[in-house]
Amino acid sequence: MAKQFEEKKFNIPKLKGISEKTIEEHLKLYAGYVKNANTMLEEKEYNRRFSFEFNGMRNHEIYFSHFEGGSTPLTTGSPLLQAGFDLEKFKTLALTRGVGWAMLVWDPVSKQLLNNWVDEQHLGQLNSCIPILALDMWEHSFVADYQPSGKKQYIEDFFANLNWRQVEENFSNATQK
Ligand SMILES: [Fe+2]
């Protein structure tokens, strides 16, 4: 019998721009990914949508954990910047049309950070790479608070709410693997 995935709990403070209601509804969607991934583990026939549910679960776990501990700034001495991370380029990537994720990943083979767009939850995930930063660009993450036209402001507020120390910790953990 396969091990079941656990629904994680997040301690998310009050955020700038992104309402408690949006977070509450968004966490319900996350719980659905965990539930569906678990259901698929038990099915006799292999389900080809497993990667959608699994990555939907993991992507959201990274996203919500970014808010934990409250906002901290990206400083000039950040190891992310020293490793070549370009925030403005990442913001441009996040404006990619369609639903999906803007992601910063660590490639343990070439030992470098890569920016990458993932369609839906799973299309375009880079093999062997470890996610460091994940920005949900599905409309459910911002439309109730920002309207479709407010995508840019949502991206700005996401970074204003971000705990950069947590992202740096992801980076440190990834590079030690
Ligand atoms: Fe989402």
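As the structure is a prediction and not an experimental result, all values here were calculated from the model.

Caption draft 1: Up close: the coordination of the iron ion. Around the iron ion, the donor atoms from the protein are His26 (NE2), His60 (NE2), Asp136 (OD) and His140 (NE2), and they sit 1.9 to 2.1 Å away. Taken together, the four donor atoms coordinating the iron ion and their angles of 84 to 144 degrees define a geometry best described as irregular. Between the donor residues of the iron ion, the gaps in sequence give the motif H-x33-H-x75-D-x3-H. Taken together, the positions of histidine 60 in helix 2 (residues 50-65) and histidine 140 in the loop between strand 3 (130-136) and helix 5 (143-146) put the pair 80 residues apart, joining distant regions of the chain.

Caption draft 2: Spotlight on the nonpolar core. In terms of nonpolar packing, the biggest core is built from 52 residues, with Leu133, Leu135 and Phe159 touching the most fellow members. Looking at this core, the elements with two or more residues in it are helix 1 (20-42), helix 2, helix 4 (87-94), strand 1 (100-107), strand 2 (112-119), strand 3, helix 6 (151-161) and helix 7 (164-175). Once you skip the residues sitting within four places of it in the chain, leucine 135 turns out to touch Tyr63, Phe90, Ala94, Gly100, Trp101, Ala102, Tyr154, Ile155, Phe158 and Phe159.

Caption draft 3: Quick look at the sheet that holds strand 3. In spatial order, the strands read 2-1-3; together these three strands make up an open sheet with antiparallel pairing. The two strands at the open ends of the sheet, each matched to only one other strand, are strand 2 and strand 3. Within this sheet the neighbouring strands show an average axis-to-axis angle of 20 degrees, counted without direction. Across eight bridges, strand 1 lies against strand 2 in antiparallel orientation. Residue pairing for strand 2: aspartate 107 is matched across the bridge by glutamine 112. This element, helix 2, spans strand 1 and strand 3 of the sheet and lies at about 80 degrees to strand 3.

Caption draft 4: Highlighting the side chain of glutamate 61. With respect to the element layout, glutamate 61 can be found in helix 2. Each residue touching glutamate 61, except ones within four places of it in the same chain, is listed here: Glu6, Lys8, Phe10 and Tyr30.

Caption draft 5: Broad picture of the side chain of histidine 60. For histidine 60, a relative accessible area of 0% puts it in the buried group. With sequence-adjacent residues up to four places away left out, histidine 60 is seen in contact with Phe10, His26, Tyr30, Tyr33, Trp101, Gln121, Asp136 and His140.

Caption draft 6: Examining the packing of helix 4 against helix 6 more closely. Where helix 4 contacts helix 6, the two axes come as close as 10 Å, and the packing angle between them is 140 degrees. Classified by the angle between their axes, helix 4 and helix 6 sit oblique to one another. With respect to the hand of their crossing, helix 4 and helix 6 are arranged in right-handed fashion. Taking contact as the criterion, the partners of Leu87, Phe90, Lys91 and Ala94 in helix 4 are, on helix 6, Lys151, Ile155, Glu156 and Phe159. Here the residues of the contact of helix 4 with helix 6 are counted per class, giving five nonpolar, no polar and three charged.

Cut-off values and rules
- Residues numbered from 1 in each chain as written.
- Predicted model: local features only at pLDDT ≥ 70, side-chain atom pairs only at ≥ 80, totals over all residues.
- Heavy atoms only, no water.
- Donors = N, O, S within 2.8 Å, 3.2 Å for Na, K, Ca; no water.
- Tetrahedral: all angles 85-135°; square planar, octahedral: opposite > 155°, others 65-115°.
- Helix = DSSP H or I, 4+ residues; strand = E, 2+ residues; numbered from the N terminus.
- Core = buried A, V, L, I, M, F, W, Y, C linked by side-chain atoms within 4.5 Å.
- Buried < 20%, exposed > 50% of the residue type's maximum accessible area, 1.4 Å probe, protein only.
- Contact = heavy atoms within 4.5 Å.
- Pairing = 2+ DSSP bridges.
- Axes fitted to C-alpha atoms, helices over the stretch in contact; angles between N-to-C directions.
- Parallel < 35°, antiparallel > 145°, perpendicular 65-115°, else oblique.
- Left-handed = near helix turned anticlockwise from the far one by under 90°.
- Nonpolar A, V, L, I, M, F, W, Y, C, P; charged D, E, K, R; others polar.

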